[in-house]
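Residue-level structure breakdown
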Amino acid sequence: MIQLKNTHLQVQIHPKGAELQQLFHLPSQSDYLWNAQAVWAKHSPVLFPIVGSLKDNTYRYQEVDYQLPIHGFARDKVFLVQEHTDNKATFLLTQDESTLANYPFEFELRLIYEIVQNQLNVTYQVHNPAANQLWFSVGGHPAFHVPFDKERTYNDYTLNFDKEEELWRWPLSPDGLIETQPTLVSTTNSLALTKSLFYEDALVFKHLNATAVTLSSVKGRNSLTFGFSGFPYVGIWAAKDADFVCIEPWCGIADSVDSTQELTQKEGIICLESNQTFERTWSVSIAEKD
C-alpha cells in the first residue's frame with residue numbers, strides 16, 4: 001500500500017488497479033472513502049479502456065470483434081509504482097499479452113495522486129507510444145461514505161452543483177446501456193440524497209454546465225467538494241440501500257441501446273494520435289465549517 005500524508009489528509013492507494021483506498025481527514029479523524037464492505041467491495045476503481053457497458057460486451061475494430069467487461073480491465077491489473085514522495089505518487093500500466101487479446105493497442109496509462117493541503121488531485125494520463133491511433137475512454141468511480149458522522153443520516157445530505165441548470169438524467173437499460181431519451185430529475189442544481197434515488201441504477205448526466213459538486217448537510221460540520229472540470233459525463237450511483245454515494249467523472253460513456261458497436265463511432269471515445277498524451281484531473285477537498 002502506498003501512503004501520502006500532510007497535516008490535512010492521509011491517503012492510501014493500492015498498486016492493484018492503482019485504486020484509492022483511503023481518504024482520511026486528519027482534523028476530523030474521519031475516512032471519507034467507502035470501506036469496500038460486501039454490498040460493494042470496491043473503493044474507487046479506475047475505468048479504462050472503456051467506461052460502462054458495451055452492447056453485448058462486444059466492440060468492433062477494423063472488422064474484428066473484441067470483448068471487454070464493464071469498465072474495462074485496468075481496475076484488475078497491478079500497476080508499477082513509478083514515483084512516491086510524501087505528497088505524490090505515480091502509477092503506470094502498459095499493455096501485456098492478456099490486454100492485447102481483446103484490446104489491440106499499445107498504451108501507457110498513468111494515475112497520478114497528489115495531495116495539496118486539504119485537497120486530493122487525481123490525474124489520468126494516457127500516452128500513445130505506438131505508430132497507430134489509440135482509441136479509449138477513461139474515468140473514475142470513487143465512493144464516499146455517507147453520512148460523514150454518526151449524528152447525521154443519509155437523507156440529511158444534498159448534492160449541490162456549482163452552476164444553475166436543469167438536471168437531465170439519461171436512463172440505463174437492464175443491460176447497462178444508455179437509453180435514447182433523458183428524463184428530468186431536477187429543475188435546479190440541487191439533488192437531495194436519498195437511497196431510493198438509485199433504485200433504477202445510476203444517474204447519468206451529459207455535458208453539464210457545472211464543474212464541481214458539493215456533498216454536504218445543513219446539520220453537519222464537514223463538506224466534500226468534488227471537481228470534475230474537463231469530464232463531459234458524470235455518473236452518480238450507489239448500491240441499493242448502501243451508505244455511500246459514488247461521484248463518477250467520465251471521459252467516455254456506456255454504449256447506447258442503438259449502438260453500432262463500432263469502436264470509432266462510440267459516443268465519447270477518444271482518439272489519440274501517435275506520441276500524443278491525454279490528461280484530465282479530478283479533485284476532492286474536505287472543508288470544515290467555522
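For the structure itself, consult the block above.
First, a word on what this report is: a plain description of the structure on this page. (Residues numbered from 1 in each chain as written. Predicted model: local features only at pLDDT ≥ 70, side-chain atom pairs only at ≥ 80, totals over all residues. Heavy atoms only, no water.)

1. So, the sheet that holds strand E4 (residues 30–31)
With respect to topology, four strands assemble into an open sheet ordered E1-E2-E3-E4, the strand pairing being antiparallel. At either end of the open sheet lies a strand with only one pairing partner, and these are strand E1 (2–5) and E4. Examined bridge by bridge, strand E3 (residues 19–25) and E4 share two bridges and lie antiparallel to one another. Among the inter-strand pairings, His25 is bridged to a residue of E4, identified as Ser30. (Pairing = 2+ DSSP bridges. Helix = DSSP H or I, 4+ residues; strand = E, 2+ residues; numbered from the N terminus.)

2. Regarding the sheet that holds strand E11 (residues 119–127)
In space, the nine strands of this open sheet follow the order E8-E9-E10-E11-E25-E21-E20-E15-E18, with antiparallel pairing throughout. The open sheet has two edge strands with one neighbour each: strand E8 (80–84) and strand E18 (190–192). This sheet shows a mean twist of 15° between the axes of neighbouring strands, independent of strand direction. As paired strands, strand E15 (residues 157–161) and strand E20 (residues 212–217) are joined by five bridges and run antiparallel to one another. The residue bridging Thr158 from the neighbouring strand is Ser216, located in E20. (Axes fitted to C-alpha atoms, helices over the stretch in contact; angles between N-to-C directions.)

3. With respect to the nonpolar core
The biggest cluster of nonpolar side chains holds 93 residues, and the ones touching the most others in it are Phe48, Tyr103, Leu109, Leu111, Leu120, Phe136 and Phe244. The element that contributes the greatest number of residues to this core is strand E23 (residues 244–251), accounting for six residues. When neighbours within four sequence positions are excluded, Leu111 is seen to be in contact with Ala18, Val46, Phe79, Ala89, Thr90, Phe91, Val122, Thr123 and Tyr124. (Core = buried A, V, L, I, M, F, W, Y, C linked by side-chain atoms within 4.5 Å. Buried < 20%, exposed > 50% of the residue type's maximum accessible area, 1.4 Å probe, protein only. Contact = heavy atoms within 4.5 Å.)

4. Considerations on unusual backbone geometry
Across the junction of Phe48 and Pro49, the peptide omega takes the value 5°, indicating a cis bond. The omega torsion of the bond from Val146 to Pro147 falls at 5°, within 30 degrees of zero and hence cis. Looking at where Pro147 falls in the secondary structure, it is placed in the loop between strand E14 (143–145) and E15. At Gln117, a position not held by glycine, the phi torsion is positive, near 55°. Located in the positive-phi region is His207, a residue other than glycine, with phi close to 50°. Residue classification places His207 among the exposed positions, given a relative accessible area of 54%.

5. Focus on the environment of Asn275
On the secondary structure map, Asn275 appears in the loop between strand E24 (270–272) and strand E25 (277–288). Taking the relative accessible area as the measure of exposure, Asn275 reaches 59% and is therefore exposed. Along the chain, Asn275 and Glu164 lie 111 residues apart, while their C-alpha atoms are 39 Å from each other. Setting aside residues no more than four positions away along its own chain, Asn275 makes contact with His127, Asn128 and Ala130.

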